[in-house]
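# What the coordinates show
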Amino acid sequence: MVIDALIENSKQSLCLQAVKVKVQVGTNKDSEFARLCEVCSKLDLKCITRPPQPCTQPLPCWRYPDDDIRSDVLLGSIDEIKSRRSRCAICRLVSEGLDKEFPELEGECWMKESTELCSFQLPEGKAQTPTVTHFHITRASVTLDTSETRDTQETHNVVCFHAKAKFGAEERNATCSKQERDVVDMIGGRYVSAQVDMDLIRAWLHHCENGHGKDCKLSLRYPLQSRRGPTFLIDVIDSCLVDAPSECRYIALSYVWGTGAVFKHLQENSTSLRNPGVLSVLPIPTTIRDAMTVVHAIRERYLWVDSICIIQNDLQMQQTEITRMGSIYSNALFTIIAASGDSANSGLPGVRPGTREELQRTVKLASGEVLLGIDFRPGSIDDTLWGKRAWTFQERVLSTRVLIFFDTQVYWSCCKALHSEELALEQALHVQRDPLSSPLPGLTISPSLEPMEPGEYRTLYTALLFSYRQRRLTFQTDLLNAFAGISEVLATAHDDGCIWGLPLSQFSYAMTWHFLSRCSRNHNHVPIFGSDGTNEVVPVPSWSWAAWSCENLRFNLIPGEVGIRPVIQFYLVDSRHQLVKIVEQPWKGFQGQDLCNIWQEKTDVQLQLRMQDVLYGIGHLYFWTSCSNLKAFAPWEMHGDVYKYFPPGDPMLEKLSTSGDREIVSQDFIVVAARVDPELVSWLILLAVEWKEGVAYRLGTAEVREKDWIQVKNREWKFVILG
């Protein structure tokens, strides 16, 4: 659809400037000329349409080279802008943004003609001017101010404009050499059509594989020597299920199933799914069919999708494939992420005709062509339903590269680049722009396949688990399964093991998890398969975070602390019903006063076990530890499962006792670890437990200074079985 030429009567034309623009709406074809209104014609149009500009400042640089702190230009009130929409291209586009995003608000709109969009460097060999360190791309942005005064800054982003790539010679900057200008001309805005350009996706993949080299690997990528590929793959050429060829290239799909019925691979239809052409006639979900189209269009052959490539009613195969998730996603060529929609039938926008609205608008000015930004207010991928699901967390973290389908456009993300349909940045290096999404918000340590220092390993594990527990599961019984891929990759990469979601080498630290909001024991049961094929359904032990339903998970370690100190030797009943010793990383660097010998006693766990007739079930811990019954303050609802203990005479004891805000309970506690704070004061980490038929079960956590624990009169050294 094309905007009609704005032919005004003589009265209107008197107030228009003779500034010619060409406006395109919905197509990339030429349309009739129009004029700007008296307000928009006074904008610095060359500033709005200028190509990437060179900068000689050292990196990192967050200031545009000729940024003179431009003041915002008042476009007018909402009513004034809408009154000019029929005779001004820019006012019309701003009005459309207001109608779509803020139909009920009132206020004034302001335009900033130059705001930073991103910066970049040229590839090696293309940068010819020694003084130019990098380039800047800017955009013009329009905001709505709904505050009564400008000082309150109640602003909302409305629309933005950025210059289209490939400008004429008159727009080139003389600072650059010809070779530099040839490359820079290919960088800038790009028109986005209603259907995805599959050749562009192929170019992104080719650019990554051939230009980024081995550096473009996610840091959690699965070690090749431990690679275990998928059992089945979808052959998109023959449209059927096949046994996965050895070492083949394949693409994975990450999506949400939704609440509706989803076609599944079952034992009953497993044979028929091998027939060539069968998937073209079966009612497979739209998202899967669209993913098959994408794989075929970029000239690849194999696709992995959980609902089709795992036999969904074969429990043993399900468990086997779940343990392979780390390998499946990390070794995929890339992962297609269906971030749009709420079910498996939502599809991938832009793959089929009519599935994506053509939102791009272009305005051709005498000084150049500008494009209306599509994602000026992009919601983080974490704001989507896909971004809130627990199953998709490990799929994103473990994927080497991702191709993300949103409603409005497609993004490509790998370790070295972030591409989108609306910005042509393929020729740029070291692009500085807002990241699309981070699966590990706040994580500053880069995960590595090389052995980590204990502190770094703890930080990585903590960040992964914290982010994972923020996500939602339909079935709480999947808490361990949806984290299994990450657990296995961490264990394999760092020569470690993982039991019930806790790393063995950091077991004491991992035992210090606790919740800071309402939590409850979920009493989950999970199937355990023995090496002989037997299946036993057992409860998740209370000491595992997977036994509890809550989102706000933390650990007993704060920045600046020396670390968690193992002080208890744990033994575990494994899946073979055998007792195994948990071996943790050796403790190094303790500089505080060692008081353990005062409350610890030397005991032999094996001797104690010989006095028992039978071991308890899978997942039980056996250990000697120090125990006591203490008067403590029960957890507040806002503090989840954290008890508070204060020794006699502590001022906080009297303060909380007289306030009546917290209930005082008589509670059994056992020691499971110790921590050392920045002042080198040693604290003992306790579990609050209840006893059932001689077995202890976790209720919560507490801390006490080690010197105060020694003063507890009813303290005893006890053999504990923790279920």
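Residues numbered from 1 in each chain as written. Predicted model: local features only at pLDDT ≥ 70, side-chain atom pairs only at ≥ 80, totals over all residues. Heavy atoms only, no water.

### Describing the overall build of the chain
Looking only at helices and strands, the chain features 19 helices and 36 strands. Per-residue burial over the chain gives 54% buried out of 723 residues. Total accessible area on the chain stands at roughly 32700 Å², and carbon and sulfur atoms take up 50% of it. (Helix = DSSP H or I, 4+ residues; strand = E, 2+ residues; numbered from the N terminus. Buried < 20%, exposed > 50% of the residue type's maximum accessible area, 1.4 Å probe, protein only. Areas by Shrake-Rupley, 256 points an atom, 1.4 Å probe, with all protein chains shown as cover.)

### Focus on the packing of helix α12 (residues 391-398) against helix α14 (residues 484-493)
Where α12 contacts α14, the two axes come as close as 8 Å, and the packing angle between them is 35°. For the pair α12 and α14, contact is made by Phe 393, Gln 394, Val 397 and Leu 398 and by Ala 484, Gly 485, Ile 486 and Val 489, respectively. Across the contact of α12 with α14, the residue classes tally to six nonpolar, two polar and no charged. (Axes fitted to C-alpha atoms, helices over the stretch in contact; angles between N-to-C directions. Contact = heavy atoms within 4.5 Å. Nonpolar A, V, L, I, M, F, W, Y, C, P; charged D, E, K, R; others polar.)

### Examining the pattern of salt bridges
Evaluation of the coordinates by the stated rule reveals 21 salt bridges. In this structure, Asp 72 and Lys 112 form a salt bridge, with 3.9 Å as the shortest nitrogen-oxygen distance. Taken together, the residues span a long stretch of sequence, with Asp 72 in the loop between β3 (53-55) and β4 (73-77) and Lys 112 in strand β5 (residues 108-121) at a distance of 40 residues. The salt bridge partner of Asp 574 is Arg 576, with a shortest N-O separation of 2.9 Å. Of the residues examined, Asp 574 reaches a relative accessible area of 11% and is grouped as buried. (Salt bridge = Lys/Arg side-chain N within 4 Å of Asp/Glu carboxyl O.)

### Thoughts on the packing of aromatic side chains
If you walk through the whole model with that rule in mind, you get 15 aromatic pairs. With 5.6 Å between their ring centres and 80° between their planes, Trp 304 and Tyr 329 make a pair best called edge-to-face. On the criterion of sequence distance, the pair formed by Trp 304 in strand β12 (residues 302-304) and Tyr 329 in helix α10 (residues 325-330) is long-range, its members being 25 residues apart. Just as Trp 304 is buried, Tyr 329 falls in that class too. Ring geometry for Phe 483 against Trp 545: centres 5.5 Å apart, planes inclined by 90°, an arrangement best described as edge-to-face. Highlighted residues: Phe 483 in the loop between α13 (454-469) and α14 and Trp 545 in the loop between β26 (535-539) and β27 (548-549), separated in sequence by 62 residues. For Phe 483, a relative accessible area of 1% gives the class buried. Of the residues examined, Trp 545 reaches a relative accessible area of 0% and is grouped as buried. An aromatic cluster is present here, built from Phe 393, Tyr 468, Phe 483 and Trp 545 joined pairwise through their rings. Across the ring face of Tyr 509, the terminal group of Arg 458 is positioned such that the distance to the ring centre comes to 5.8 Å. (Phe/Tyr/Trp six-rings, centres within 6.5 Å; stacked < 30°, edge-to-face > 60°. Lys NZ or Arg CZ within 6 Å of the ring centre and 35° of its normal.)

### Focus: the side chain of Arg 469
Its place among the elements puts Arg 469 in helix α13. A relative accessible area of 3% places Arg 469 in the buried class. For Arg 469, the contacting residues outside a window of four places in its chain are Leu 479, Phe 515, Trp 545, Ala 546, Trp 548, Ser 549, Cys 550, Glu 551 and Leu 553.

### With respect to α13
The end-to-end C-alpha distance of α13 is 22 Å, a good match for the 22 Å that 16 residues give at a rise of 1.5 Å each. Turning to α13, its buried residues are Tyr 457, Arg 458, Leu 460, Tyr 461, Ala 463, Leu 464, Leu 465, Ser 467, Tyr 468 and Arg 469. (Expected span 1.5 Å × (residues − 1).)

### Some thoughts on a negative patch on the surface
A contiguous patch of negative charge on the surface is contributed by Asp 79, Glu 80, Glu 106 and Glu 108. Position of Glu 106 among the secondary structure elements: in the loop between α4 (89-101) and β5. Judged by relative accessible area, Glu 106 falls into the exposed class, the value being 69%. (Patch = residues over 30% accessible without salt bridge, like charges linked within 9 Å, V, L, I, M, F, W, Y side chains within 5 Å. Lys, Arg positive; Asp, Glu negative; His and termini not counted. Charge placed at Lys NZ, Arg CZ, Asp CG, Glu CD.)

### Description of helix α6 (residues 198-212)
Helical geometry: 3.6 residues make up each α-helical turn, so side chains three or four residues apart lie on a common side. With 15 residues, α6 extends 21 Å from end C-alpha to end C-alpha; this agrees with the ideal 21 Å at 1.5 Å per step. Regarding α6, the residues found buried are Met 198, Leu 200, Ile 201, Trp 204, Leu 205, Cys 208 and His 212. Taken together, the buried residues of α6 touch α7 (286-297), β16 (402-405), β17 (410-413) and β18 (418-420). At the N-terminal boundary of α6, the capping side chain belongs to Asp 197, with an oxygen 3.0 Å from the backbone nitrogen of Asp 199. At the C-terminal side of α6, Gly 213 shows a positive phi close to 65°. (Polar contact = N/O pair within 3.5 Å; in protein donor to acceptor, adjacent residues only side chain to side chain.)

### Regarding the side chain of Ser 628
Mapped onto the elements of the fold, Ser 628 is located in strand β32 (residues 621-633). Residue classification places Ser 628 among the buried residues on the basis of a relative accessible area of 5%. Only 2.5 Å separates the side chain of Ser 628 from the side chain of Asn 714, close enough to count as a polar contact. Excluding its chain neighbours within four sequence positions, the residues that come into contact with Ser 628 are Gln 667, Asp 668, Phe 669, Trp 709, Val 712, Asn 714 and Arg 715.

### Focus on the confidence of the model for the chain
Across the chain, the average pLDDT comes to 79, with 78% of residues at or above 70. Throughout residues 1-31 the model reports pLDDT below 50, and contacts reaching past four residues in sequence, or to other chains, amount to 83 contacts. Under a pLDDT of 50 for its full length, residues 167-174 has, in the predicted model, 13 contacts with residues more than four places off or in other chains. (pLDDT = per-residue confidence, 0-100.)

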